[in-house]
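Per-entry structural report
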Amino acid sequence: VSGGYQNGCLFCRIVAGEVPATQVAGTERVVAFRDINPRAPIHVLVIPREHYPDVAAVAADGGDVLVEMARVAADVAARAGVDGWRWVFNTGVDAGQSVFHVHGHVLAGRAMGWPPG
Ligand code: AMP
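It should be emphasised that the depicted structure is a prediction, and the values quoted were computed from it without experimental measurement.

This part is about the packing of aromatic side chains. Any two aromatic rings considered together are summarised by their centre-to-centre distance and by the angle between their planes. For the structure on display, the rule yields two aromatic pairs. Between F11 and F33, the aromatic rings sit 5.3 Å apart at their centres with planes inclined by 80 degrees, giving edge-to-face as the arrangement. You can see F11 sitting in helix α1 (residues 10-15) and its partner F33 sitting in strand β2 (residues 30-34), a full 22 residues away along the chain. The exposure classification of F11 matches that of F33, with both residues buried.

Structure follows, in structure tokens:
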């Protein structure tokens, strides 16, 4: 299911202000907040305010909010003053997705291994 507020969705609750988060950026359609379990010195999650389960669902709906998400991710990285950053969409259980409201992880502030584990 896509769009709107989905009952029981943790990140919809963060968008609604029902669950606290440390917001670092926001636009009309997008919110960015710190990951509660950071895996790098900079670890920010960039999400659309509207509910989509994963990036494939965003694309299937036209995908234009992805551009706004990319702009917010780039702004977060630019403000952090880092030389490079990684943007990760874990998509599906095998990829390690645990929250089914699409989120791009912005990871930066340390050297990144390749390929990801
Ligand atoms: P993923 O495993 O790709 O679905 O990523 C979900 C991410 O959400 C993980 O990195 C978690 O640490 C993070 N997370 C879970 N709950 C919260 C929360 N309440 N506030 C901020 N980040 C969270």
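Okay, unusual backbone geometry next. Cis geometry is adopted by the peptide bond preceding P115, which originates at W114 and carries an omega value of -5 degrees. Relative to the elements of secondary structure, P115 occurs in the segment after β5 (104-108).

Neighbouring the ligand are 16 residues, the closest being D35, N90, G96, S98 and H105. V99 places a polar main-chain atom, nitrogen or oxygen, 3.0 Å from an oxygen atom of the ligand. For the ligand, the protein covers 84% of the area, taking 500 Å² as the surface of the free molecule. Taken together, the elements giving at least two residues each to the shell around the ligand come down to α1 and β2. In terms of residues, the shell around the ligand owes the most to one element, α1, which gives three residues. Of the residues that constitute the shell around the ligand, the class distribution is seven nonpolar, seven polar and two charged.

For the rest of this paragraph, the subject is the sheet that holds β5. The pairing of strands in a sheet comes from backbone hydrogen bonds and takes either a parallel or an antiparallel form. If you walk across this open sheet you meet the five strands as β1-β2-β3-β5-β4, and the pairing is antiparallel. Edge strands, defined here as strands with exactly one partner in the open sheet, are β1 (23-26) and β4 (85-88). Across the sheet, the axes of successive neighbouring strands diverge by a mean angle of 20 degrees, strand direction being ignored. Pairing of β1 with β2 involves three bridges; the strand directions are antiparallel. Looking at the pairing, G26 lines up with V31 of β2.

For the rest of this paragraph, the subject is the pattern of salt bridges. Summed over the entire model, instances satisfying the criterion amount to two salt bridges. As a salt-bridge pair, E18 and R13 come within 3.4 Å of each other at their nearest N and O atoms. On the basis of relative accessible area, E18 is assigned to the partly exposed category, the value being 43%. For R13, a relative accessible area of 35% puts it in the partly exposed group. As a salt-bridge pair, D64 and R29 come within 2.9 Å of each other at their nearest N and O atoms. Linking D64 in helix α3 (residues 64-80) with R29 in the loop between β1 and β2, this pair joins segments that are 35 residues apart in sequence. What makes D64 partly exposed here is its relative accessible area of 47%.

Calculation notes
Residues numbered from 1 in each chain as written. Predicted model: local features only at pLDDT ≥ 70, side-chain atom pairs only at ≥ 80, totals over all residues. Heavy atoms only, no water. Phe/Tyr/Trp six-rings, centres within 6.5 Å; stacked < 30°, edge-to-face > 60°. Helix = DSSP H or I, 4+ residues; strand = E, 2+ residues; numbered from the N terminus. Buried < 20%, exposed > 50% of the residue type's maximum accessible area, 1.4 Å probe, protein only. Near = heavy atom within 4 Å. Polar contact = N/O pair within 3.5 Å; in protein donor to acceptor, adjacent residues only side chain to side chain. Areas by Shrake-Rupley, 256 points an atom, 1.4 Å probe, with all protein chains shown as cover. Nonpolar A, V, L, I, M, F, W, Y, C, P; charged D, E, K, R; others polar. Pairing = 2+ DSSP bridges. Axes fitted to C-alpha atoms, helices over the stretch in contact; angles between N-to-C directions. Salt bridge = Lys/Arg side-chain N within 4 Å of Asp/Glu carboxyl O.

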